[in-house]
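Commentary on secondary and tertiary structure
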Amino acid sequence: MHSLAARDYDATVINPNDGTRIAITVLQPQLAPGEVAPLILHSHGFGGTRLMGRDQNTLYEQLTGGTLPSAEAARQAAKNGYFVISFDERGFGESGGQVEVIDPRFEGEDIKAILNWAEQQMEHREHLGYRDGDLVLGALGLSYGGGYQLIGAGVDPRFDAIVPTVGWYDLLYSLSPGDVIKSDWGVLLVTLGIPTSGARLNPLLYQALIGGLAAPLTQQGFSDPVRDKLYNNSPRSFCESRESEDGTLVASVSGRMTPTVDALIIQGVADTLFTLNEGWANAECLRAAGNDVHFVGMRFGHTLPVLQSLQDRIAYNTEATLHCGAQTFDTATLELDYLNWKLRGTPLPQPIPRNCVTVTQTQGIAVDTLPIADPADGSGYPVSAQAPTGGASLLLSLLRTRTVDDLVDLLGNTVDNAADIVQGLVDAQTSLPDDASASIVLAQLINALPADEIDQLLSGGTFVPLATIDRAGEALVGIPVADVQISGGGIAPVAFLGIGIRRDASESAELVNKQVRPVRGTGKQRVELNGISRELETGDEVGLMVYGFHPQYLASFSTIPGVLDITGDIGLPIVDLDASR
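Criteria and thresholds
Residues numbered from 1 in each chain as written. Predicted model: local features only at pLDDT ≥ 70, side-chain atom pairs only at ≥ 80, totals over all residues. Heavy atoms only, no water. Helix = DSSP H or I, 4+ residues; strand = E, 2+ residues; numbered from the N terminus. Expected span 1.5 Å × (residues − 1). Buried < 20%, exposed > 50% of the residue type's maximum accessible area, 1.4 Å probe, protein only. Contact = heavy atoms within 4.5 Å. Pairing = 2+ DSSP bridges. Axes fitted to C-alpha atoms, helices over the stretch in contact; angles between N-to-C directions. Polar contact = N/O pair within 3.5 Å; in protein donor to acceptor, adjacent residues only side chain to side chain. Core = buried A, V, L, I, M, F, W, Y, C linked by side-chain atoms within 4.5 Å. Phe/Tyr/Trp six-rings, centres within 6.5 Å; stacked < 30°, edge-to-face > 60°. Lys NZ or Arg CZ within 6 Å of the ring centre and 35° of its normal. Salt bridge = Lys/Arg side-chain N within 4 Å of Asp/Glu carboxyl O.

Looking at helix 3 (residues 107-120)
- Over its 14 residues, helix 3 extends 20 Å from the first C-alpha to the last, a length consistent with the 20 Å expected when each residue adds 1.5 Å.
- Judged by how many residues are buried, helix 3 sits mostly within the fold: 10 of 14 residues are covered.
- Looking only at helix 3, the buried set comprises E107, G108, E109, D110, I111, A113, I114, L115, W117 and A118.
- Looking at the buried side of helix 3, the elements it contacts are strand 1 (7-14), strand 2 (21-28), strand 3 (39-43), strand 4 (83-87), strand 7 (137-142) and helix 4 (144-155).

Let's talk about the sheet that holds strand 17 (residues 355-358)
- Spatially, 10 strands are ordered 1-2-4-3-7-8-11-12-17-18 in an open sheet, and the strand pairing comes out mixed. Whereas interior strands pair on both sides, the edge strands pair on one side only; in this sheet they are strand 1 and strand 18 (364-367). The sheet shows a mean angle of 15° between the axes of neighbouring strands, direction not considered.
- With four bridges connecting them, strand 17 and strand 18 associate as antiparallel partners.

Re the side chain of S95
- When you line up the elements, S95 lands in the loop between strand 4 and helix 3.
- For S95, the side chain forms a polar contact with the main-chain oxygen of D88, separated by 2.7 Å.
- If sequence neighbours within four positions are ignored, S95 has contacts with R21, I22, A23, D88, E89, R90 and R200.

Section: the nonpolar core
- Judged by nonpolar contacts, the single largest core of 75 residues is most densely connected at I24, L39, L41, I85, W117 and F159.
- Apart from residues lying up to four places away in sequence, L39 is in contact with F83, V84, I85, L115, A118, L128, L135, V136, L137, G138 and L343.

Quick word on the packing of aromatic side chains
- Scanning all chains against the criterion turns up eight aromatic pairs.
- Judged by centre distance (5.2 Å) and plane angle (80°), the ring pair of F46 and Y144 falls under edge-to-face. Of this pair, F46 sits in the loop between strand 3 and helix 1 (59-64) while Y144 is found in helix 4, placing the two residues 98 residues apart along the sequence.
- Looking at Y144, the relative accessible area reads 2%, which means it is buried.
- A ring pair is formed by W168 and F274, whose centres lie 5.4 Å apart and whose planes are at 50°; its orientation type is tilted. One end of the pair, W168, is in the loop between strand 8 (161-165) and helix 5 (171-175); the other, F274, is in the loop between strand 11 (262-268) and helix 11 (276-288), with 106 residues separating them in the sequence.
- Aromatic ring contacts, followed pair by pair, group F46, F92, Y144, W168 and F274 into a single cluster.
- When the ring centre of W341 is taken as origin, the NZ or CZ atom of K342, which lies over that ring, is 4.3 Å away.

Considering the pattern of salt bridges
- Scanning the entire structure with this criterion turns up 33 salt bridges.
- For the salt bridge of E61 with R75, the shortest nitrogen-to-oxygen distance reads 3.0 Å. Remark: R75 occurs in helix 2 (residues 69-79) and E61 occurs in helix 1; sequence separation between them is 14 residues.
- Residue E61 is classed as buried on the basis of its relative accessible area, which comes to 1%.
- Between R502 and E541 there is a salt bridge, and its shortest N-O distance comes to 2.9 Å. In this pair, R502 is assigned in strand 23 (residues 494-502) and E541 in strand 28 (residues 541-547), connecting sequence segments 39 residues apart.
- Judged by its relative accessible area of 19%, R502 falls in the buried class.
- One continuous salt-bridge network, built from bridges that share partners, spans D10, R50, D88 and E94.

A look at the pairing of strand 28
- Burial of strand 28 is extensive: seven of the seven residues sit out of reach of the surface.
- Taken together, the six bridges between strand 21 (residues 462-468) and strand 28 define a ladder with antiparallel strand orientation. Bridged to V464 within strand 28 is L544.
- Here strand 23 runs beside strand 28; their pairing, made up of seven bridges, is antiparallel. Paired with G500 across the bridge in strand 28 is G543.

What to know about the environment of D576
- By the secondary structure assignment, D576 is in strand 30 (residues 574-576).
- Here the alpha-carbon distance between D576 and A472, two residues 104 residues apart in the chain, equals 8.9 Å.
- Engagement of the side chain of D576 in a polar contact is seen with the side chain of R471, the distance being 3.3 Å.

Here you go:
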């Protein structure tokens, strides 16, 4: 073999199953004669495009002026002797086809085709590294670029190590936990996906969006075809060896099994799309199959405009630095160090804890396992509370503070008969007009409201104190569990539960990490609340937050006012920071 010069070049891979063209960029390393190198696959987040050179930024980085750790790790990998292939996911950028949301039958087959091309057609493929006859292969990517890794490893056994950052475990849970649709994220994802896909989204995505916006009227979650697609496009389907048909889970007809691949999973605590729970579920699934898995919780992740601080980012905010107990890691360096370890056998500069969570800007904890505070273990705090439901009256009251013309201007779109619809909303007393278009317009209005008016909507939560912190050095880290009985609330009530902290009795409580978990209906409910991480101070009151409406679910709420009675126990994952370092 001759020596190899570093260069970057574009190519096209054809999926032989349907002829779809996938655009790729190969970052070729500089190698000496006879030297071989592992391959790393890299891809982008939803609405993004591929990395087109080792000295270039991705589209997302160009738009925000920031740096994505996964993209930076890919750049550094190319400069440190790896082959890197970055690709436009199906339907995005220069790739053909329509966006199928990492469907194993489509995007999964695209990944196979890319790897086959690398082994069979790529220039200088003789320099690819092999171990026991198998390609040495790693992967990088964020969000959608994390999802392809988990699904890809389930479809193709060639992956040796993956680094999925803020990916999902179950898209049905991600977008509709408790059968309550995250309509705000639905609007944002479709909006993000249109520019770089040219509106080449699977029609089911639009159906899902319309269904979500009409939820106040239908009081239903996703349709069965949407539910099937979301579940089947999830690692959960592989972990459980099941598929969804007509809304029912059945044994996998395609032989799905848990991937055999080592993983460094990085998940965001304040991520309101793919929560900490999903990263932990992926870690537990892969570990149960015998894989070597490391789990790191960072502070942020996917963030919603207005409701969360984006710090000049679009849709997600990834941290450059992670804290694991007494250790500190540069995120991009950690990702590449991990792949060096797994693919090349290079010793780690410093050991990576099995599980760790960043708590503040300067500290984190390392734990044997992520704390899951189950009241059944005897550590629960009793709760007895009442909370109002019926988000319609709260929303309509806020809208009446503006004129109809003002609200129509705020919409800034081309909705037919917008003025008539808005007038109907303003004239409504306690519930929405019986018109699906009213729900859609209402959702758009909420999304367009200024931050101070969104704060008014958030102020309607009920805080129920559970525990008072009597010493320093403690933190909330892990997954709270609610074991409660719910009654009242009118017809098909929806409550939104989270953990709050009140530092002064005269002030409102703060919802920890902006994390709320919806609960639909009444009766006995055992629910894992969203994972959290927050340092506590002496004198803090920690309690349950209950909302009848929350803007993260801007079109999913009870339309008829009522009062919920909630009794039972709440598990709080309170840990000693010093003991967990």
